[in-house]
Amino acid sequence: MPTPPPAVTVAWATFHRTWSVTRRAYPWSYFVGTLMLGVFTVGLAHLGLEAIGGGRVAASFAAATGTADYLGYITVGAAAFMFTTHGILWVAKALIQEQREGTLGALLVTPPGRLPYLAGFTAFAYTAIALEVTVLVACARVLGVRLESTGPPDALLAVLALGVAVFGMSAVLSAVMIIAGEAHITQNTLFFAIALLSGFTFPRQDLPAVLRWAGELVPTTAAMDVVRGAFTTGAGVSPGRLAAALGLGLAYAVAGLRWLPLAERHAMQRSY
Amino acid sequence: MIRTDDLRKEFRTRRTTAVAVDGLTLEVPRGRVTGLLGLNGAGKTTTIKIMATLLHQTSGTVRVDELDPLRQPDAVRRRINLIAGGERMVYARMTGRENLWYFGRLYDVPRAVLRGRVEELLELVGLTAAADTTVERYSRGMAQRLSIARGLVNDPAYLLLDEPTLGLDAPIARDLRRLVARLAREGTGVLLTSHYLTEVEELCGHVYVIGEGRHVTAGSPAELTARAGCHRTVRIRLAERSPGVEAAVAAFAARLGTDAGLEPADDGGVVVSLSHPDDVAGPLAMAVVAAGGTLAGLEVAEPSLEDAILALADAPRLVTA
């Protein structure tokens, strides 16, 4: 069997390591706990729609979002937000977790750069999140939600756009976290910003113009438009928004990966 | 060989610039344990971090077998490894075997080689029985031994040891010293910092002493003690007190320009002690005998590296961290 390139070896070893450690450290309780967020979001939306809206949405909502299916809209948004936040939590926090555990120095004296290491973490994170999102969507279906998919190619493009956007943002956030030496304030600030700007749970048209423009600087905003086209509006994937999501996501990834060595040396001044 | 030339490292903040390493030139050849001892604000750890590619120097050069860590960090990392005492440097939620396997894969050690090497290293550090136990259930000493095995997983040409026995029990520290000595005999270049000076004296063929980031002195432990003008201490136990003998000892000490100590011994005798850079045991004993004294015992305490370091700097300035 041919020997895989070192980067693949490192990514696979990191995937395997993270899988083993997570299975050992966070059994089903973690999976159930994180899933509850999405299930409650869809469940509460269902109750609110029935109790307040009498099962119908306003015409302005349909005009802004391209769909009158509020629960479908919320389910896609909740699943995408879960994908985004959990992806960032796993990937962006990988290095600061190493720092806290006292293993960052041992990692940094090994030859591989950070890309294969983060790729391994990303592969693990997206695998775990795929399971969580699958269960979330299954729960939504039990509540009667039906998603408007425009087909597997669009679905794959939507996952690709969101995946690249999340990876890019995670790479930048990872550098910010190890320079700041903390994770919670940094991650929660970002989560607040993207929840506000990227159109996960309400149409961005409701935002002031300045915030709509600010949202265009965040890769998940264009990615969410791709996701909406593939799963909510039935309009399909917009090539322009796909290009924006991939371009911005890759730009963030390149910036983050170039910044990380500086951030790592900054962290090394303080500890191993 | 690892070689630094005129190495300088500044840590800048908005208002201040702290110089951690200032013009340091040193060599770490293969097959020898080289010590790096530091006085206050010495910059030992900063120097090691620069050699390990974890930090960039402000100026000066580092070469590892002629490779530049700034331009060829990956190639340098394949030749070195780092073990830092007081830092776990292994994953708590992985077993000992999993840790070594993971780090081996990071170094791209082929699977077939790694399989055997992991078992060898586990045996070397006495963790074969605990190989499948997660590190969080290890004692501190066990985790440190695993960290040592991790530092050897890429079969490094150079091993950078930063206080490797910090906090270890005496038997484990002894085993580590034996291992380090063996590695050096087998050709590994070792750079060791330790505040246990007896450890440095036992292991190191050459020692650099630095203070406030600057070179203070260098040499073998024996050369350092000789250069520092450290005194040997001669202690002669006399069977009984004798004013004549005490006068003779005092006169002998006066001729050498020093003082002699006289302390009563438990058995009713007296202990004469005299410190001097030269070996004066024989002449002192002859002076005692010539004055009618009877020698009940004689010992000479050779100066240690610790004496030399203390002579080079005030004791309170000696770095202990």
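Residues numbered from 1 in each chain as written. Chains lettered and ligands numbered in written order. Predicted model: local features only at pLDDT ≥ 70, side-chain atom pairs only at ≥ 80, totals over all residues. Heavy atoms only, no water.

Side note on the overall build of chain B
Where we set the bar: Going along the chain from the N terminus, every DSSP run of H or I of four or more residues is numbered as a helix, and every run of E of two or more is numbered as a strand. Here the globule rule reads 2.2 Å times residues to the power 0.38, and the radius of gyration is calculated from C-alpha atoms. The buried label goes to any residue with under 20% of its type's maximum accessible area, the exposed label to any with over 50%, and the partly exposed label to all in between, with areas taken from a 1.4 Å probe on protein chains only. Contact definition: two residues touch when any of their heavy atoms are within 4.5 Å. Computed with the Shrake-Rupley method and a 1.4 Å probe, the accessible areas treat only the protein chains shown as cover for residues. When charges are counted, Lys and Arg are positive and Asp and Glu negative, with His and the chain ends excluded. Working definition for charges: the position is that of NZ of Lys, CZ of Arg, CG of Asp or CD of Glu.
Counting its secondary structure elements, chain B contains 11 helices and 13 strands. Here chain B has a C-alpha radius of gyration of 25 Å; the compact-globule value for 321 residues is 20 Å, and the former is much larger. Projected onto its principal axes, the C-alpha coordinates of chain B cover approximately 80 × 50 × 35 Å. Counting over 321 residues, chain B shows a buried share of 50%. When contacts within chain B are restricted to residue pairs at least 6 apart in sequence, those whose partners lie at least 24 apart make up 70%. Taken as a whole, chain B presents about 14,400 Å² of accessible surface, with 47% of it coming from carbon and sulfur. Both charge centroids of chain B, one from 39 positive and one from 41 negative side chains, sit 9 Å from each other.

A short note on the pairing of strand 1 (residues 2–12) of chain B
Residue and element names in this part refer to chain B. Counted only if it meets this: Two strands are said to pair when DSSP picks up at least two bridges between them.
Relative to strand 4 (residues 59–64), strand 1 runs antiparallel, the two being bridged by five bridges. Across the sheet, the residue bridging to Ile 2 is Val 64, located in strand 4. Examined bridge by bridge, strand 1 and strand 2 (residues 17–28) share nine bridges and lie antiparallel to one another. Residue pairing in the sheet places Lys 9 in a bridge with Val 21 of strand 2. Between the end of strand 1 and the start of strand 2, which pair antiparallel, lie four residues.

Re the sheet that holds strand 8 (residues 206–211) of chain B
Residue and element names in this part refer to chain B. Filter applied, for reference: Only the stretch in contact is used when fitting a helix axis, every axis being a line fitted to C-alpha atoms; angles between N-to-C directions are given from 0 to 180 degrees.
Spatially, the six strands line up as an open sheet ordered 5-6-7-3-8-9, and their pairing is mixed. Each having just a single partner strand, strand 5 (80–84) and strand 9 (214–219) make up the two edges of the open sheet. Pairs of neighbouring strands in the sheet enclose a mean axial angle of 20°, with direction left out of account. Sheet topology note: the strand 3 (residues 33–38)/strand 7 (residues 189–193) ladder contains three bridges and is parallel. Across the sheet, residue Gly 35 finds its bridge partner in strand 7, namely Leu 192. This element, helix 5 (residues 140–152), spans strand 5 and strand 6 (158–162) of the sheet and lies at about 170° to strand 5.

Overview of the interface of chain B and chain A
Here is the rule we go by: A quick way to say it: buried area is the sum, across both parts, of accessible area lost when two parts are put together, with a 1.4 Å probe. Whenever a carboxyl oxygen of Asp or Glu lies within 4 Å of a side-chain nitrogen of Lys or Arg, that contact is scored as a salt bridge. Here a polar contact is taken to be a pair of N or O atoms separated by no more than 3.5 Å, where protein atoms must pair a possible hydrogen donor with a possible acceptor and residues adjacent in sequence count only if both atoms sit in side chains.
In this complex, chain B contributes 36 residues to the contact, which on the side of chain A involves 29 residues. Counting the surface lost from both chain B and chain A, the interface buries some 3,000 Å², and carbon and sulfur atoms represent 61% of this. Linking chain B to chain A there are one salt bridge. Here Glu 98 of chain B makes a salt bridge to Arg 24 of chain A, at a shortest N to O gap of 2.9 Å. At the junction of chain B and chain A, the tally comes to 11 residue pairs in polar contact (both at pLDDT 80 or more).

Focus: the packing of aromatic side chains
Here is the rule: Two rings from Phe, Tyr or Trp (for Trp, the six-membered ring) form a pair when their centres are within 6.5 Å of each other. A pair whose planes differ by under 30 degrees is stacked, one over 60 is edge-to-face, and the rest are tilted. Only when the NZ of Lys or the CZ of Arg is both within 6 Å of the ring centre and within 35 degrees of the ring normal is a charge said to sit over the ring.
For the structure on display, the rule yields 11 aromatic pairs over all chains. Where Phe 83 of chain A meets Tyr 126 of chain A, the ring centres are 4.9 Å apart and the plane angle is 40°; that geometry is what we call tilted. Taken together, the positions of Phe 83 of chain A in helix 4 (residues 70–92) and Tyr 126 of chain A in helix 7 (residues 114–142) put the pair 43 residues apart, joining distant regions of the chain. Classification of Phe 83 of chain A by relative accessible area gives buried; the value is 11%. One aromatic cluster is present, formed by Trp 12, Phe 15, Trp 19, Trp 90 and Phe 124 of chain A through successive ring pairs. In this structure, Arg 228 of chain A packs its charged tip against the face of Tyr 73 of chain A, placed 3.6 Å from the ring centre. Just above the ring of Tyr 158 of chain B sits the side chain of Arg 30 of chain B; from NZ or CZ to the centre is 5.7 Å.

Considerations on the pairing of strand 9 of chain B
All names here are of chain B. As judged from the five bridges shared by strand 8 and strand 9, these two strands associate in the antiparallel manner. Bridging from a neighbouring strand, Val 209 pairs with Thr 217 of strand 9. Between the end of strand 8 and the start of strand 9, which pair antiparallel, lie two residues, with Glu 212 showing a positive phi angle near 50°.

Here's the deal with the packing of helix 7 of chain A against helix 12 (residues 239–270) of chain A
Residue and element names in this part refer to chain A. Put simply, the test is: Should an angle fall under 35 degrees it is called roughly parallel, over 145 degrees roughly antiparallel, and 65 to 115 degrees roughly perpendicular, with every other angle called oblique. Think of it as three bins: nonpolar holds Ala, Val, Leu, Ile, Met, Phe, Trp, Tyr, Cys and Pro, charged holds Asp, Glu, Lys and Arg, and polar takes everything else, Gly as well.
Contact geometry for helix 7 and helix 12: axes closest at 10 Å, N-to-C directions at 105°. One element, helix 7, and the other, helix 12, form an angle in the roughly perpendicular class. Contacts between helix 7 and helix 12 pair Arg 114, Leu 115 and Leu 118 from the former with Leu 257, Leu 260 and Glu 264 from the latter. Here the contact of helix 7 with helix 12 is built from residues that sort into four nonpolar, no polar and two charged.

Points about the confidence of the model for chain B
The criterion, for reference: Scored from 0 to 100, pLDDT reflects the predictor's confidence in each residue.
Mean pLDDT over chain B: 86, with 95% of residues reaching 70 or higher. Per-residue pLDDT stays below 50 along residues 314–321 of chain B; that stretch engages in 16 contacts with residues further than four places along the chain or on separate chains.

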